[in-house]
Amino acid sequence: MNLGNNDLTNVSEFGRDLLSPGDYHVAISNAELKEWPSGDKYLSLWYKVQDGPRMGAVCFDSLSLWDSDPKFQNMAFSRLKSIRKALGLNPNIPGDTDELLGKSLTIKVSIRSKDGKDYQNINSYKPIGTAGASIVQPAQAPVPPQAQPQPASQMPW
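This section reports on the structure supplied with the text.

**Examining the environment of Ser104**
Consideration 1: Topologically, Ser104 is positioned in strand 4 (residues 104-114).
Consideration 2: Given the relative accessible area of 30%, Ser104 is considered partly exposed.
Consideration 3: The spatial distance from the C-alpha of Ser104 to the C-alpha of Gly88 is 9.9 Å, given a sequence separation of 16 residues.
Consideration 4: If sequence neighbours within four positions are ignored, Ser104 has contacts with His25, Val26, Ala27, Leu87 and Ile128.

Written out as structure tokens, the structure is:
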């Protein structure tokens with residue numbers, strides 16, 4: 001069966017490849033309501049790397065906003081508050097996932113090991129431009145000089 005003639009040049013390969021520890025400029029590309037095996041629901045956020053050698057890579061964040069354990073629920077709301085603050089949104093309300101989609105922030109990533117497996121861990125959320133120098137920032141166009149007003153004695157009329 002013919003699978004079409006789409007160009008797959010800019011499509012990332014499938015598979016879970018962890019980001020190296022560090023700061024990444026990301027955009028929130030997806031937000032889904034999911035369920036843990038326990039039956040508790042959580043918000044899954046997808047962060048897509050916006051620049052650097054890992055541009056296009058995706059990492060995930062799980063916010064247990066509806067967890068039956070108040071400790072996990074409180075941690076999830078704390079993380080959501082930090083995300084909203086980093087995005088310039090009101091951090092004191094949960095808001096709506098539509099407010100998050102497409103917005104950019106900086107995440108600090110580390111790796112944790114459990115039961116012989118490595119997992120991505122997101123340690124902090126910050127506005128773009130406030131993290132370490134390891135993030136590639138786009139060059140800004142120079143600002144053109146403003147025309148200086150001429151004294152009235154030199155006006156052409």
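**What about the packing of aromatic side chains?**
Consideration 1: Scanning the entire structure with this criterion turns up two aromatic pairs.
Consideration 2: Ring centres 5.1 Å apart and planes at 85° place the aromatic pair Trp46 and Phe60 in the edge-to-face group. Here the residue Trp46 occupies a position in strand 2 (residues 41-49), and Phe60 occupies one in strand 3 (residues 58-66), the gap between them amounting to 14 residues.
Consideration 3: You can call Trp46 partly exposed: its relative accessible area is 27%.

**Some remarks on the nonpolar core**
Consideration 1: Counting 24 residues, the largest nonpolar core has Tyr47, Leu105 and Ile107 as its most contacted members.
Consideration 2: Counting only elements with at least two residues in this core, the list comes to strand 1 (22-35), strand 2, strand 3, helix 1 (70-86), strand 4 and strand 5 (117-126).
Consideration 3: Sequence-distant contacts of Ile107, defined by excluding residues within four places in its chain, comprise Gly22, Asp23, Tyr24, Val26, Tyr47, Cys59, Ile122, Ser124 and Tyr125.

**Regarding the side chain of Ser44**
Consideration 1: Locating Ser44 in the fold gives a position in strand 2.
Consideration 2: In contact with Ser44, other than residues within four places in its own chain, are Asn30, Ala31, Glu32, Lys34 and Asp61.

**As for the sheet that holds strand 4**
Consideration 1: Strand order across the open sheet formed by five strands is 3-2-1-4-5, with antiparallel pairing between neighbours. Edge strands, defined here as strands with exactly one partner in the open sheet, are strand 3 and strand 5. Ignoring which end each strand starts from, the neighbouring axes of this sheet average 40° apart.
Consideration 2: Pairing between strand 1 and strand 4: six bridges, direction antiparallel. Its bridge partner lying in strand 4, Tyr24 is registered against Ile107.
Consideration 3: Of the strands in this sheet, strand 1, strand 2, strand 3, strand 4 and strand 5 are in contact with helix 1, which crosses strand 3 at around 125°.

Parameters and conventions
- Residues numbered from 1 in each chain as written.
- Predicted model: local features only at pLDDT ≥ 70, side-chain atom pairs only at ≥ 80, totals over all residues.
- Heavy atoms only, no water.
- Helix = DSSP H or I, 4+ residues; strand = E, 2+ residues; numbered from the N terminus.
- Buried < 20%, exposed > 50% of the residue type's maximum accessible area, 1.4 Å probe, protein only.
- Contact = heavy atoms within 4.5 Å.
- Phe/Tyr/Trp six-rings, centres within 6.5 Å; stacked < 30°, edge-to-face > 60°.
- Core = buried A, V, L, I, M, F, W, Y, C linked by side-chain atoms within 4.5 Å.
- Pairing = 2+ DSSP bridges.
- Axes fitted to C-alpha atoms, helices over the stretch in contact; angles between N-to-C directions.

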